[in-house]
Each structure stands twice: as structure tokens, then as C-alpha cells.
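Structure assessment
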Amino acid sequence: MQLTPLPAFNDNYLWLWHNSTHAVVVDPGDGEVVMQALARLQLHLDAILVTHHHADHTGGVNLLREATQAVVYGPAGENIPGPYVALTGGDTFDWQGQRIEVIDVPGHTAGHIAYFAPGKGDAPVLFCGDTLFSGGCGRLFEGTPAQMLTSLKKLAALPTQTRVYCTHEYTLHNINFALGLEPNNQALMNRHQSTIAQRNQLLPSLPSTIGLELATNPFLRGHSLEIQASLGLKNASELEVFSIARNMRNHY
Ligand SMILES: [Zn+2]
Ligand SMILES: [Zn+2]
């Protein structure tokens with residue numbers, strides 16, 4: 001299986017997961033971009049996976065369904081262009097011999113779901129929409145800090161080699177913010193350098209891995225004494241650290 005990023009809008013990636021003949025697309029905000037890629041790569045679109053209802057993740061769903069008859073999967077708790085297979089955490093389905101598991105991850109939106117494939121011969125794959133970002137996390141539009149932290153912890157518990165395919169190119173900005181909280185984190189400094197090198201070559205900074213996120217993402221590192229000190233906290237709960245850091249990031 002291959003993963004091909006299709007850039008769209010300012011900073012979205014529509015992920016095309018495919019073999020040499022069949023594909024799945026995740027969060028197709030722009031249907032034309034996907035149609036062009038399917039034609040170029042000569043792929044048949046079997047399914048569309050939607051993580052949440054925002055327009056930059058769903059805008060191309062109707063066009064693609066009509067053009068390809070792809071099956072649409074999406075969160076049961078949100079308003080997705082139908083008809084679609086409504087999913088909640090714990091649901092599973094199969095595609096091209098891959099098992100795909102649904103994880104409930106409310107916070108960015110109220111019904112946000114993620115898709116996890118344990119992988120068959122490859123490292124596991126996670127499509128997490130706007131929940132866990134590379135070096136950061138999504139804004140809390142519809143959920144509480146406690147909900148988002150619980151969601152992030154579910155993703156953080158996945159195998160460390162899991163490849164993380166989120167949907168926006170926010171890594172460098174996230175890492176600059178993270179360095180302000182944890183300037184002595186060596187893994188974070190290394191990641192800063194490698195991300196700058198990738199972006200200078202106009203390469204995507206994705207995928208990340210769960211292991212890399214555990215080492216560098218401040219929203220998974222509420223236990224870090226350096227982060228706590230940077231926020232003027234001591235012996236604070238992870239939720240307290242998360243809430244303050246998320247709020248700071250809104251204004252960064
Ligand atoms: Zn969103
Ligand atoms: Zn988005």
C-alpha cells in the first residue's frame with residue numbers, strides 16, 4: 001500500500017491510500033483534486049473516509065460519490081453529506097485485506113472519529129483528521145479540554161511505529177510553539193532542524209509517528225517538568241497543563 005498526499009487549499013492534505021489499482025481517500029475537501037489524481041495514477045476509488053464535518057474535509061464527497069460510486073464512511077454523530085455508513089468508536093470494516101478500526105476522538109468537533117489500520121506487512125496507519133497534529137493538536141471548536149485530552153491519549157496509546165497522517169501542514173509552526181515551552185528537549189530540536197530541511201525542499205512534513213509525537217508534542221507531554229515550569233506551573237495535572245497550553249496556542 002502507498003500513501004500519496006494530495007495538497008489542497010492553503011495547507012490541507014487529502015490522503016490517497018492505494019495499491020496499483022484501488023484507492024481510498026481521506027477527508028476529500030476538494031473533489032477535483034482527487035479526480036485528477038485518480039486519472040493520473042489510474043486508480044479506482046473504492047471508499048471515502050471522513051473524520052469530521054468541516055467543509056475542508058467534506059467538500060468533495062458528493063462529487064466523488066457520484067463520479068465513482070465510492071462508499072462513504074463517516075462519523076455517526078455529525079452531519080456528513082449522505083448517504084454514508086455511519087460509524088462510531090469500536091466499529092471495524094475491511095478494505096483490500098486491511099482491517100480498519102474506528103476510534104472516537106471528540107474535541108475539535110463533537111463527533112470526530114479517527115481511522116486506525118493495524119497494517120498488514122507495513123507499519124500501522126492512523127488517519128486522525130484535525131485531532132492529533134504533527135507537533136500539535138486541533139482547536140477546540142465543539143469539545144472541552146478534558147474531551148480532547150482523553151482523545152489524544154487514546155491515539156498516544158497506539159503502537160509507537162504507527163504512521164500518523166493528519167490533514168494539515170502545521171508542523172513547523174507547531175514546533176516553533178513547542179520549543180517555546182520545552183527549549184531543552186533534544187528530540188524537539190532535532191525535529192525542528194529536519195522539518196525546516198523538508199519544508200525548504202517543499203516536501204510534506206508528514207507522516208509523523210506516535211513515537212515522535214510522544215517525544216516532541218507538548219499536548220502529549222503534560223508530565224514534562226520543563227513545560228510545567230515554562231507555564232509557571234508545578235505539580236500540575238496533565239489536564240491543567242493541556243488547557244493552558246492549548247489556550248496559548250490559539251493566540252500564537
Ligand atoms: Zn476541522
Ligand atoms: Zn481541517
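Now for a quick tour of the structure. (Residues numbered from 1 in each chain as written. Chains lettered and ligands numbered in written order. Predicted model: local features only at pLDDT ≥ 70, side-chain atom pairs only at ≥ 80, totals over all residues. Heavy atoms only, no water.)

Here's the deal with the overall build of the chain
Our working definition: For the purposes of this entry, the term helix denotes a DSSP run of H or I that reaches at least four residues, the term strand denotes a run of E that reaches at least two, and both are numbered from the N terminus. For accessible areas, the Shrake-Rupley method is used with a probe of radius 1.4 Å. Any residue's cover is judged against the shown protein chains and nothing else. We count Lys and Arg on the positive side and Asp and Glu on the negative side, and we leave His and both chain ends out. The atom standing in for a charge is NZ when the residue is Lys, CZ when it is Arg, CG when it is Asp and CD when it is Glu.
A tally of helices and strands in the chain yields 9 helices and 14 strands. The principal-axis extent of the C-alpha atoms belonging to the chain is close to 55 × 40 × 35 Å. Per element, the accessible surface of the chain, about 10600 Å² overall, is 53% carbon and sulfur. Mean positive and mean negative side-chain charge positions of the chain (14 and 21 charges, respectively) differ by 6 Å.

Comments concerning the packing of aromatic side chains
The way to describe two aromatic rings as a pair is by their centre distance and the angle between their planes. We count it as follows: Aromatic contacts are taken between Phe, Tyr and Trp rings whose centres are within 6.5 Å, Trp giving its six-membered ring; a plane angle under 30 degrees counts as stacked, one over 60 as edge-to-face, and the others as tilted. Burial classes follow relative accessibility: with a 1.4 Å probe on protein chains only, a residue under 20% of its type's maximum area counts as buried, one over 50% as exposed, and anything between as partly exposed.
A complete count under the given rule lists 11 aromatic pairs for this structure. Aromatic pair Phe177 and Phe219: ring centres 6.3 Å apart, planes at 10 degrees, arrangement stacked. Taken together, the residues Phe177 in helix 5 (residues 171-181) and Phe219 in the loop between helix 7 (210-216) and helix 8 (225-230) connect sequence positions 42 residues apart. Given the relative accessible area of 4%, Phe177 is considered buried. The buried category is assigned to Phe219, whose relative accessible area is 3%. Ring geometry for Phe219 versus Phe242: centroids 5.7 Å apart, planes at 75 degrees, classification edge-to-face. Here Phe242 lies in helix 9 (residues 238-250) and Phe219 lies in the loop between helix 7 and helix 8, a separation of 23 residues in the sequence.

Section: the nonpolar core
Let me state the cut-off plainly: Residues enter a nonpolar core if they are buried and are Ala, Val, Leu, Ile, Met, Phe, Trp, Tyr or Cys, with the set joined through side-chain atoms within 4.5 Å.
If you look at the biggest cluster of nonpolar residues, it comprises 50 residues, and the most contacted ones within it are Tyr115, Leu126, Phe127 and Leu155. Counting residues in hydrophobic clusters, the runner-up holds 18 residues, among them Ala8, Leu45, Val50 and Val72.

Details of the sheet that holds strand 6 (residues 85-87)
In sheet architecture, strand pairing relies on hydrogen bonds along the backbone and comes in two forms, parallel and antiparallel. Counted only if it meets this: Criterion used throughout: strands pair if DSSP finds at least two bridges between them. Note on definitions: angles span 0 to 180 degrees between N-to-C directions of axes, and those axes are lines fitted to C-alpha atoms, for helices only across the stretch in contact. Should any heavy atoms of two residues lie within 4.5 Å, those residues are counted as being in contact.
Spatial strand order, 1-2-3-4-5-6: 6 strands in an open sheet with mixed pairing. Only two strands of the sheet have a single partner each, and these edge strands are strand 1 (2-8) and strand 6. Direction aside, the axes of adjacent strands within the sheet are offset by 25 degrees on average. As judged from the 4 bridges shared by strand 2 (residues 12-18) and strand 3 (residues 22-26), these two strands associate in the antiparallel manner. If you follow His18 over to strand 3, its bridge partner there is Ala23. Relative to the sheet, helix 3 (residues 61-68) contacts strand 3, strand 4 (44-49) and strand 5 (71-75), its axis offset from that of strand 4 by approximately 145 degrees.

Regarding the coordination of the zinc ion (ligand 1)
We apply this condition: Donor atoms are limited to N, O and S found within 2.8 Å of the metal ion, a distance that becomes 3.2 Å for Na, K and Ca. With water left out, some sites might look partial. Just to be clear on the cut-offs, tetrahedral is four donors with all angles between 85 and 135 degrees, square planar is four donors and octahedral six with opposite donors over 155 degrees apart and all others between 65 and 115, and anything else goes down as irregular.
Looking at the zinc ion (ligand 1), one finds its protein donor set to be His52 (NE2), His54 (ND1), His108 (NE2) and Asp130 (OD), positioned 2.2 to 2.3 Å from the metal centre. The site at the zinc ion (ligand 1) holds 4 donor atoms, and with the angles between them running 92 to 168 degrees, its shape is irregular. One chain supplies every donor for the zinc ion (ligand 1), spaced along it as H-x1-H-x53-H-x21-D. In this structure, the zinc ion (ligand 1) lies 3.5 Å from the zinc ion (ligand 2), and both are coordinated by Asp130. Placement of the pair is His54 in the loop between strand 4 and helix 2 (55-58) and Asp130 in the loop between strand 10 (125-129) and strand 11 (132-133), with a sequence separation of 76 residues. Given a relative accessible area of 18%, His54 falls into the buried group.

What about the coordination of the zinc ion (ligand 2)?
Donor atoms from the polypeptide that coordinate the zinc ion (ligand 2) comprise Asp56 (OD), His57 (NE2), Asp130 (OD) and His168 (NE2), at 2.1 to 2.6 Å from the metal. Here the zinc ion (ligand 2) is ringed by 4 donor atoms whose angles at the metal span 86 to 160 degrees, and the overall shape comes out irregular. Of note, the zinc ion (ligand 2) draws all its donor residues from one chain, in the sequence arrangement D-H-x72-D-x37-H. Asp56 sits in the partly exposed class, given a relative accessible area of 22%.

In short, the description is geometric, and any link to function would need to be established separately.
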